[in-house]
Amino acid sequence: MKQLNKELEQQISLALRRAQQAGHLPDFEIPVIPVLPPKRDDQGDLAYPAMGLAKLARKNPLEIANLIAAELGGLAFLERVEVAPPGFINFSLCDDYLRAQVGQIIREGERCFQLDIGVGKRAQVEFVSANPSGPITIGHTRNAVVGDAMARLLEAAGYDVQREYYYNNAGNQMIVLGKSLMLRYLQQLGEDVTLPADHYQGAYLIEIAAELVKQRGEALKDENWETFKGIVESRMFDWIRRSLAAIDITHDRFYNETSLFESGAIWRVLDEMRANDHIYEAAHWEGADEAEIADVTSKGYQPATWFRSTTFGDEKDRVMVKSDGAPTYTLPDIAYHRDKLGRGFDLAINVLGTDHFSQAQVVQYGLQAMGLDPAPIRVIFIQMVRAVRWNDELGEYEAVKQSKRAGDFDSLDDLVEMTSPDAVRYHMLARSPNSQLDFDVDQVVKQTNDNPVYYIQNAYVRCAGIFREADERGLVDDDADLSLLGSDELRFIRKVMELGNVIEQAVTNGEPQKIAFFAHELAAVFHPIYDKVRVLHSEVPPDVAKARLRFYRAAGVVFHRLLRLMGMTAPERM
RNA sequence: GCCCCUGUAGCUCAGUGGACAGAGCACCGGUCUUCUAAACCGUUGGUCGCAGGUUCGAGUCCUGCCAGGGGCGCCA
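Residues numbered from 1 in each chain as written. Chains lettered and ligands numbered in written order. Predicted model: local features only at pLDDT ≥ 70, side-chain atom pairs only at ≥ 80, totals over all residues. Heavy atoms only, no water.

Q: Help me understand the sheet that holds strand β10 (residues 347–353) in this model?
A: Strand pairing in a sheet is mediated by backbone hydrogen bonds. Such pairs are either parallel or antiparallel. Read from one edge of the open sheet, five strands run β6-β5-β4-β10-β11, paired in parallel fashion. Pairing within the sheet leaves two strands with one partner each, and these edge strands are β6 (253–256) and β11 (377–382). The average undirected angle you get between the axes of adjacent strands in this sheet is 25°. Note: strand β5 (residues 160–167) against β6, four bridges, orientation parallel. Looking at β6, one finds that tyrosine 166 is bridged to tyrosine 255. Sheet strands in contact with helix α8 (residues 225–246) are β5 and β6, and its direction is about 145° off that of β5. (Pairing = 2+ DSSP bridges. Helix = DSSP H or I, 4+ residues; strand = E, 2+ residues; numbered from the N terminus. Axes fitted to C-alpha atoms, helices over the stretch in contact; angles between N-to-C directions. Contact = heavy atoms within 4.5 Å.)

Written out as structure tokens, the structure reads:
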């Protein structure tokens, strides 16, 4: 399906070129000014502001707009081209073209509005990437929803997409986790041991320990923490996969940070950076001021291995290998991204919490230090998300406490249990990733028109209801005469025609929330039409009923497509 | 010390440098003998935080300020 705004941008460029060649306009490089849907209905379906050319052309914008309009020539999909002050060109799509799209959408089905901008290209989305030390939290959930939606949108844009999960099962945290489970297990056996405050306090470890006692009895009594680490890691990953699967999210590949240690990749990275003279050994970084040096001295640090990241614009140099000889997480992170670049993705999107902001920057500097171009890597930062509830007494929203008490929660599982997978997906998506999100749990649970989840799904349900009834009555629409469609139906198709552009914008700007807003807008155009434009009504003539049924088939295809792009279900009934 | 986010209607939020700033909710009043009313129709509602600047044009870009939230600096 063509993207009409792109087509018009091209045609306008050609028209401008012709006007220049004819001497109506001076010679200048033609800028790309986007053709967009205007704000008001009486301004056509798409508009081009020629005001942006006034300075270049040294002419008044209205005149330029007229020149372009004159040079445009007949475009089959246009009904009208109007010039409006102060210099807009307003384009109106012609009805026959819109009617033809009904058939086109039905023919293309799930691939309708599939773009070609990513065809032949490979993209990767790395998301979630939580270490297997506990359940998927609300924060991880937002990351998961945004990452998976991006992956789906990239697929819709034509990319071949891989979903990857990067995790670390080495490191101190996992050791502490293993020890924590060991202690919980011993407690279950009745031993008098206490869990230190810096160990994992989560109730889930008690549950796993209790299960272990049930399954294995005292058999693990003399095992060391490593055994328990192995057990807890595999349990945690089973849990994580199950939680994500419940909201229809799966990864193609799990990439283990530890493998970068085992293969020696991290040391090769360090060597390369050192060979390029970006590495040095020192007790403090080269630009440290007196206060910093005093601080480091008081901590008694031995010399560490530093990356001179300030060369690339960093505010300070970064430790690669700590004074105790262990690498910081930055070094394997750089090695991982080098490996990623080496796998030849045209686009590699990282979905990261904002606490990784500096980290992501240092990784890019690290890649540059090895002479690599980090351009294919793009980061989508996820701001904090809180679960909140309205507190009537205080008259304000209040964060839901992250305790184990009934009704409070802090995991994806609890969130799904309290609401639904579809509600979680929609509400986690429908906000700019880079804005903080308050997830109002009471609002999300509501099955009323407060809730866009049901508003959008109901549009699909209503289509499905018509199809069921039409089937029963034996109404066939294959041979429908689409010229019988009225202005209401065409208004819906006009709105639908924006979808390609919405997908493109979501993909190129890393703004998956756009699809959620569009779905809601489209449903808002749909519902009044559903009320008004009946199919199976005694007063509707049979040929009109056929045409309308055909129209609702197209609408159903589009809503199904939208819901799947958001990872939501398209129920036949509600 | 440095960085990020937010501030638009009573509330939750849209708004790609363009035309008269928009939805939903809430409030009030209507609509089911016709494909499910989780819907529809109508009314009300604005100092786009403040002040400068850039621009033919600023809610949008720049600078400064005010208010709120969050993060980072040999843990990952």
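Alright, that's what it looks like, and here's the rest.
Q: Before we go on, may I ask you to explain the domain arrangement of chain A in this structure?
A: Under the domain assignment used here, chain A contains domain 1 (4–93), domain 2 (171–233), domain 3 (385–445) and domain 4 (450–565). For domain 1 and domain 2, the distance between their C-alpha centroids amounts to 70 Å. (Domains from an automatic or database assignment.)

Q: I keep staring at empty space enclosed by the protein and nothing clicks. Help me out?
A: With a probe scaled to a water molecule rolled over the atoms, the places where space remains empty come into view. Counted by the stated rule, this structure contains one cavity of 30 Å³ or more. Approximately 40 Å³ is the volume found for the largest cavity. Taken together, Met1, Lys2, Gln3, Phe113, Gln114, Leu115, Met497 and Gly500 make up the full set of residues lining the largest cavity. Of the residues contributing to the lining of the largest cavity, the split by class is four nonpolar, three polar and one charged. (1 Å grid on protein atoms, 1.4 Å probe; cavity = no way out; pocket = protein on both sides within 12 Å on 5 of 7 lines; lining within 4 Å. Points joined across faces, edges and corners; volume = space filled by probe spheres on them. Nonpolar A, V, L, I, M, F, W, Y, C, P; charged D, E, K, R; others polar.)

Q: Just checking my understanding: could you explain unusual backbone geometry for this structure?
A: In terms of backbone geometry, most residues other than glycine have negative phi values and most peptide bonds are trans. Of the consecutive residues proline 85 and proline 86, the connecting peptide bond is found in the cis state with omega at 5°. One non-glycine residue, valine 128, lies in positive phi territory at about 70°. Inspection of the secondary structure puts valine 128 in the loop between β4 (122–126) and α5 (138–156).

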